[in-house]
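Per-entry structural report
This is what each chain is made of:
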Amino acid sequence: MVLLSQIFFTLVGLLLVTGLYLVIAQDNLVKKLLGLSVFQTAIFVFYLAQGKLFPGAVPILGGEVVNYSHPLPHVLILTAIVVGIATLAVGLSLVVRVQEELGSSEEDEARHRERNP
Amino acid sequence: MSIHPLLLPVVVPALLALFIAVTNPRANLREGLAVLIGIGNAGLWLSWWIQGVPPALNLIQPVPGLTLQLNLEPLGLLFGTVAALLWPVTTIYAAGYMRANQEKNHKAFFAAFAASIAGAQLIALAGDLLTLFVGYEWLTLATWPLVTHKRNADAQRGGRIYLGFLLATSLGLLLPAIVATVVLSGRADFVDGGLLSGLGLSTPLLMGLFAAYMFGTGKAALMPVHYWLPAAMVAPTPVSALLHAVAVVKAGVFIVLKITIYIFGPDLLLRTGAANPILVVGAASLLLASVQAWRADHIKQRLAYSTVSQLAYVSVAACLLMPQALLGGAIQILAHAFGKITLFFCAGAIYTAAHKQYVSELDGLGWKMPLTFGAFLLAALSIIGLPPGAGSWVKWYIAIGSIESGHWLVLAVLAGSTMLNIAYLMPIPLRAFLGGKPEDRSTSRAEAPLAMVLPLVFTALLTVFWFFAVGPVITQLSTIPGVGHD
Amino acid sequence: MTDVLLIAPVLLPMLTAPVVVLIGNARIGWILSCLAAFGSAACAWLLLDAVAVEPVHYHFGNWPPPFGIEYVLDALNTPLLLLSSMAAGLALMTATPTSTEENFANRRPVFYALFLLCLAGLNGILSTGDVFNVFVFLEISSLTTYGLVAAGPRAGSALAAFQYLVLGTLGGSFVLLGIGLWFQATGSLNMADTRELLTQTPYAAVGLAGTLMLMLGFSLKAASFPLHQWLPSVYAAAPWPVTAFLAACATKVAIYAMARLALEVGGLGIQGRAVLGFVALTGVLWGAAAACFQRDIRRMLAWSSVSQLAYIVFAFSLGTAAGVAAAMVQFFAHAAIKGGIFLTLGPVRSFDDIAGLRDRDFLRTALLTLLTLGLLGVPLTAGFAAKWSLLSAALDSGHYIALGFLVLGSLIAVVYCLRLMEPVWLRSAPEKAHIPPLRGVFLVPSIVAVIAMFAVGTSPWAAKWGYLAAATLGYTQ
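What you see is a predicted model; the values in this text were computed from it and never measured.

**Concerning the overall build of chain A**
- The helix and strand inventory of chain A stands at four helices and zero strands.
- In chain A, the order of α-helices and β-strands from amino to carboxyl end is α-α-α-α.
- A compact globule built from 117 residues should have a C-alpha radius of gyration of about 13 Å, whereas chain A, at 20 Å, is more than 25% larger.
- Considering only C-alpha atoms, chain A reaches an extent of 70 × 25 × 10 Å along its principal axes.
- The buried share of chain A, taken over its 117 residues, is 27%.
- The contacts in chain A between residues at least 6 apart in sequence include a share of 42% that link residues at least 24 apart.

**Focus: the overall build of chain C**
- When helices and strands are counted, chain C shows 19 helices and two strands.
- Computed over the C-alpha atoms, the radius of gyration of chain C is 21 Å, within 12% of the 23 Å expected from 2.2 N^0.38 for a compact globule of 477 residues.
- Considered along the principal axes of its C-alpha atoms, chain C spans approximately 70 × 55 × 40 Å.
- By sequence separation, contacts in chain C at least 24 residues apart represent 79% of the contacts at least 6 residues apart.

**What to know about the interface of chain A and chain C**
- At the junction of the two partners, chain A supplies 28 residues and chain C supplies 22 residues.
- Among the secondary structure elements, those contributing two or more residues to the side of chain A that touches chain C are helix H2 (29–51), helix H3 (72–102) and helix H4 (107–115) of chain A.
- A class-by-class count of the residues in the side of chain A that touches chain C yields 18 nonpolar, five polar and five charged.

**Some points on the interface of chain B and chain C**
- On the chain C side, the residues contacting the 25 residues of chain B number 27 residues.
- It is helix H6 (residues 153–185) of chain B that provides the largest number of residues to the side of chain B that touches chain C, a total of 13 residues.
- In terms of residue class, the side of chain B that touches chain C is built from 17 nonpolar, five polar and three charged.

**Here we look at unusual backbone geometry**
- In this chain, Pro-387 of chain B is followed by Pro-388 of chain B through a cis amide linkage whose omega measures 5°.
- Along the polypeptide, Pro-388 of chain B turns up in the loop between helix H15 (370–384) and helix H16 (391–405).
- Following Phe-225 of chain C, the chain continues to Pro-226 of chain C via a peptide bond in cis, the omega torsion being 5°.
- Looking at the secondary structure, you find Pro-226 of chain C in the loop between helix H8 (204–221) and helix H9 (230–237).

**Let's talk about helix H14 (residues 323–354) of chain B**
- Compared with the 46 Å implied by 1.5 Å per residue over 32 residues, the 46 Å span of H14 of chain B between its first and last C-alpha is a close match.
- Of all the bends in H14 of chain B, the greatest, near 30°, is centred on Gln-332 of chain B.

**Things to note about the environment of Leu-61 of chain A**
- Tracing the backbone shows Leu-61 of chain A in the loop between H2 and H3.
- In this structure Leu-61 of chain A comes out as exposed when scored by C-beta crowding, with 6 C-beta atoms within 10 Å.

**Brief notes about the environment of Pro-224 of chain B**
- Residue placement: Pro-224 of chain B occurs in the loop between helix H7 (203–216) and helix H8 (228–231).
- Considering only alpha carbons, one finds Pro-224 of chain B and Val-281 of chain B, 57 residues apart in sequence, at a separation of 9.0 Å.

**Focus on the confidence of the model for chain A**
- In this model, chain A carries an average pLDDT of 86, and 98% of its residues clear a pLDDT of 70 or more.
- Mean pLDDT across the secondary structure elements of chain A bottoms out at H4 of chain A, with 84, and peaks at H3 of chain A, with 91.

**Quick word on the environment of Ala-469 of chain B**
All names here are of chain B.
- Positionally, Ala-469 belongs in helix H19 (residues 450–469).
- Exposure remark for Ala-469: the 11 C-beta atoms within 10 Å place this residue in the exposed category.
- Once the C-alpha coordinates of Ala-469 and Ala-390 are considered, the two residues, 79 residues apart in sequence, prove to be 8.9 Å apart.

**Re helix H17 (residues 408–425) of chain B**
All names here are of chain B.
- In this model, H17 (18 residues) spans 26 Å end to end at C-alpha, consistent with the 26 Å of a helix rising 1.5 Å per residue.
- For H17, the set of buried residues is Val-410, Val-413, Leu-414, Ser-417, Leu-420, Asn-421, Tyr-424 and Leu-425. One side of H17 carries all its buried residues, which in axial view fall inside an arc of 130°. Opposite the packed face of H17, turned more than 90 degrees from it, sit the exposed residues Trp-408, Ala-415 and Met-419.
- Tucked into the core, H17 has its buried residues touching helix H12 (276–295), helix H13 (299–320), H15, H16 and helix H18 (427–434).

**Observations regarding the packing of helix H6 (residues 157–186) of chain C against H8 of chain C**
All names here are of chain C.
- The N-to-C vectors of H6 and H8 enclose an angle of 160°; their axes lie 7 Å apart at closest approach. Judged by the inter-axis angle, H6 sits roughly antiparallel to H8. By crossing handedness, the relation of H6 to H8 is classed as left-handed.
- Of the residues that constitute the contact of H6 with H8, the class distribution is 15 nonpolar, nine polar and one charged.

**Considerations on the packing of helix H1 (residues 2–23) of chain C against helix H2 (residues 26–53) of chain C**
Residue and element names in this part refer to chain C.
- Relative to each other, H1 and H2 sit at 175°, their axes nearing to 8 Å. With respect to each other, H1 and H2 are oriented roughly antiparallel.
- Residue classes in the contact of H1 with H2 are distributed as 18 nonpolar, six polar and no charged.

**Looking at the confidence of the model for chain C**
- Considering every residue of chain C, the mean pLDDT works out to 89; 98% of them sit at 70 or more.
- The complex prediction reports pTM at 0.92, with the ipTM value standing at 0.93.

Criteria and cut-off values
Residues numbered from 1 in each chain as written. Chains lettered and ligands numbered in written order. Predicted model: local features only at pLDDT ≥ 70, side-chain atom pairs only at ≥ 80, totals over all residues. Helix = DSSP H or I, 4+ residues; strand = E, 2+ residues; numbered from the N terminus. Rg over C-alpha atoms; globule rule 2.2 N^0.38 Å. Buried ≥ 20, exposed ≤ 12 C-beta atoms within 10 Å, placed from the backbone. Contact = placed C-beta atoms within 7 Å. Nonpolar A, V, L, I, M, F, W, Y, C, P; charged D, E, K, R; others polar. Expected span 1.5 Å × (residues − 1). Bend = angle between axes of the 7 residues up to and from the residue. pLDDT = per-residue confidence, 0-100. Arc of directions from axis to C-beta. Axes fitted to C-alpha atoms, helices over the stretch in contact; angles between N-to-C directions. Parallel < 35°, antiparallel > 145°, perpendicular 65-115°, else oblique. Left-handed = near helix turned anticlockwise from the far one by under 90°.

Written out as structure tokens, the structure is:
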């Protein structure tokens with residue numbers, strides 16, 4: 001059990017770092033957003049992982065169930081996913097505007113054009 | 001509705017400044033009003049000498065536990081009266097100067113002028129460190145538009161140095177020193193015998209705190225924070241007169257005395273020797289500035305360094321801590337104010353009438369401007385400390401103080417500085433009257449406008465007047481514990 | 001009655017926002033938005049008396065904590081609620097329906113709605129007593145802020161908004177991660193409950209990791225040195241009512257959240273506080289020094305904000321009652337001064353725009369000068385009150401080196417204040433000025449800011465609330 005959760009959390013750590021790397025290293029704005037999504041997803045996984053028990057049933061009373069999985073992380077992450085989608089949407093629409101206004105969706109080039117119109 | 005009399009010297013000039021800035025009245029109305037209010041203000045201060053000072057007044061409480069208060073004591077009364085007496089005189093002079101030299105933007109000039117006086121008088125009236133600091137910063141900021149009046153690159157540079165030095169020293173040293181005082185003692189008001197005495201503070205701490213106060217009061221122009229003073233010479237001459245004689249530098253040395261007497265207390269400083277490092281700095285400053293003045297050819301520059309040197313007399317007097325020395329330092333506020341303002345008035349008159357700015361150009365000019373150079377001679381005597389100038393009393397009392405405290409080196413410095421005073425001040429009237437070829441000495445009069453000559457003659461005569469009338473001042477100052485004839 | 005007042009600062013702007021969009025009329029939307037913001041401020045004001053005595057609670061759906069979500073208003077967040085709502089109202093006043101400043105001037109109701117939602121988000125962060133709620137409101141305020149920044153008139157405003165979005169989302173995600181770690185350690189989301197449990201949990205390391213993550217996240221949102229890089233470009237790109245609003249309270253709310261969660265709930269230890277304080281002091285100097293070299297007024301003021309915000313972080317890091325009081329005074333001082341300066345400058349962006357301002361726009365010159373004096377920390381202004389309480393708080397707890405840093409920071413501030421004042425007072429006016437004079441409705445917020453600045457500077461009101469807040473946080477005087 002401990003091993004499993006350690007595997008899970010290692011995975012979460014890997015995803016986090018991957019996402020962060022993408023955000024920092026990528027010059028393309030869309031790729032940055034993808035990195036951001038990976039980063040956020042890692043946190044979602046982290047939440048969900050701590051709610052799940054083996055063996056653990058759906059948290060509905062009844063039967064001879066002894067262990068229930070914790071429902072709260074799922075609820076929280078539902079909210080966080082919505083926030084994540086909204087962020088992604090706003091981010092993408094901003095990329096469209098950057099492309100329209102500055103003619104590029106590469107960060108360095110866009111910044112260069114902004115300073116030297 | 002009645003207004004507390006202690007508020008008047010602050011509120012009325014401030015309102016005058018606001019009135020001038022907002023409504024922009026016609027020139028004659030503006031300057032007439034300023035002179036009238038100035039005379040009324042001076043009358044108010046003089047009436048306090050006769051009738052006694054009004055009771056203290058508590059103002060607001062800006063931070064928990066600390067109340068701003070106005071409380072007039074003899075030292076403040078002296079400084080406030082000096083500022084109040086010289087304000088209308090300088091206003092008349094400034095009106096003449098600004099018109100004769102076709103300076104621009106009189107509105108801002110006279111508004112800032114009145115605001116500066118309000119700040120100076122707030123310093124005089126301050127009953128606690130916080131109020132004192134309010135007035136100090138007010139004065140710094142209100143004089144900035146005056147220093148930068150010409151709005152050219154030179155003025156901008158002078159303004160930067162002026163504001164930079166005064167704000168840096170006040171925010172960097174004075175304010176922390178005040179905060180430390182409040183944290184240590186829990187209060188901020190001025191106490192007879194010293195707020196910090198009796199707290200059992202260690203000598204290094206006292207030494208550091210005293211140094212922070214002395215250097216933090218940048219307006220007192222102790223070397224090396226004197227640098228702003230010559231730089232502020234880019235201002236029109238009436239401003240130089242205001243800055244270097246009436247308001248700014250006198251506020252500085254006033255604070256030096258006030259801190260020494262009421263925050264530390266002479267006894268505490270004497271016992272711990274915490275003032276000795278500053279005594280050395282002050283003596284060095286006194287001598288070095290005299291040398292610099294002697295080397296300067298530009299008249300205003302020479303007068304500026306002379307001011308630095310004369311201010312150091314007060315700092316030295318404060319650090320000698322002897323009752324007689326403190327008395328001498330306090331009289332210096334009066335004597336130097338009238339002497340130096342006359343010298344600046346003369347410099348401005350010479351510039352206006354003859355467009356001369358350097359000592360070496362003055363040969364024979366005395367016969368054209370006898371009143372101006374006559375006044376210069378009288379004022380110079382006072383600054384040097386020769387009778388019948390009021391400055392004689394200053395040198396006398398500080399010399400006695402240095403003998404009493406056994407600081408013979410200080411006595412030597414005083415003597416040396418007096419020699420230098422003669423060497424840099426006397427050449428100006430001497431060249432004017434005796435220099436050049438006799439045939440060049442035309443006797444046709446070419447004085448500056450009357451509005452400029454009258455004030456300078458008036459202040460020159462007053463330097464002689466104070467020589468004879470210093471009695472009431474000494475009586476008043478001697479009521480402070482630890483100051484005066486034993 | 002108290003219940004209504006308690007939730008109104010969040011619900012009022014949140015519910016007004018869709019109404020404004022649905023009505024679709026710019027003028028009505030503008031008036032409604034201002035009313036909603038000022039209404040929230042009034043509610044916070046009315047609550048002040050009650051929270052001075054003891055914290056006021058509101059349980060949503062009558063679920064008792066720690067199971068349900070609760071709002072807790074105490075002496076720390078209620079004054080800030082007043083501050084944020086007032087700042088929003090005043091900033092909205094200058095975003096008139098006829099202004100041409102914003103990029104999407106043809107969709108003004110949307111702009112107002114975003115503004116209101118941003119306010120609702122900030123007020124939510126301030127009001128809530130639930131950790132996860134903080135994250136939700138944080139994201140509400142952030143998402144709307146991205147939109148508001150992107151409404152700026154410059155071509156680069158979308159890029160600035162995007163960069164802010166990336167960093168802001170990273171910050172928000174770190175907050176989420178921190179909350180998750182806390183949840184792992186305690187199993188609770190209620191602040192008071194979490195605070196208790198974190199001291200007892202066997203997984204103290206997990207709790208500490210959560211605290212650090214929260215600190216990291218909020219530092220990003222608060223533009224706290226060294227995570228401040230987004231701030232200057234955002235301030236420069238946004239429409240000026242938005243810049244003023246962000247400068248006045250958005251970053252401060254994040255600092256509040258950091259203080260409340262990381263310092264109070266998380267109980268950051270003495271070493272953590274020392275590190276935080278030292279980093280903040282570095283930020284004081286760094287921000288002030290960088291401000292001196294900017295060529296754009298807004299960037300200069302933004303860097304000054306980095307420095308001024310670091311003062312607040314430092315004050316909180318002291319962990320004394322005097323420190324909390326100093327933080328509270330600086331909250332109000334900086335909001336009034338910096339917000340006021342941005343509102344008074346209005347569309348001004350370059351130093352050339354204010355050259356010779358004294359000759360052509362006396363009112364703006366006077367207001368700007370007074371506010372700059374406040375920034376400088378001249379006595380009787382709020383800036384001085386803040387500096388005084390900060391210096392005495394530092395001395396009180398024996399931080400002599402910190403005193404040196406603070407003093408040095410205020411000396412560097414002289415330089416950038418002078419950079420603002422020299423063009424105004426000493427340069428001559430250009431041939432034709434394209435910045436219209438400050439008149440009419442645009443004057444009101446600046447005047448209110450100046451009055452607020454002097455009110456905070458001349459009365460111990462803010463410090464009094466600071467000490468009350470310190471008492472609720474458990475610090476004794």
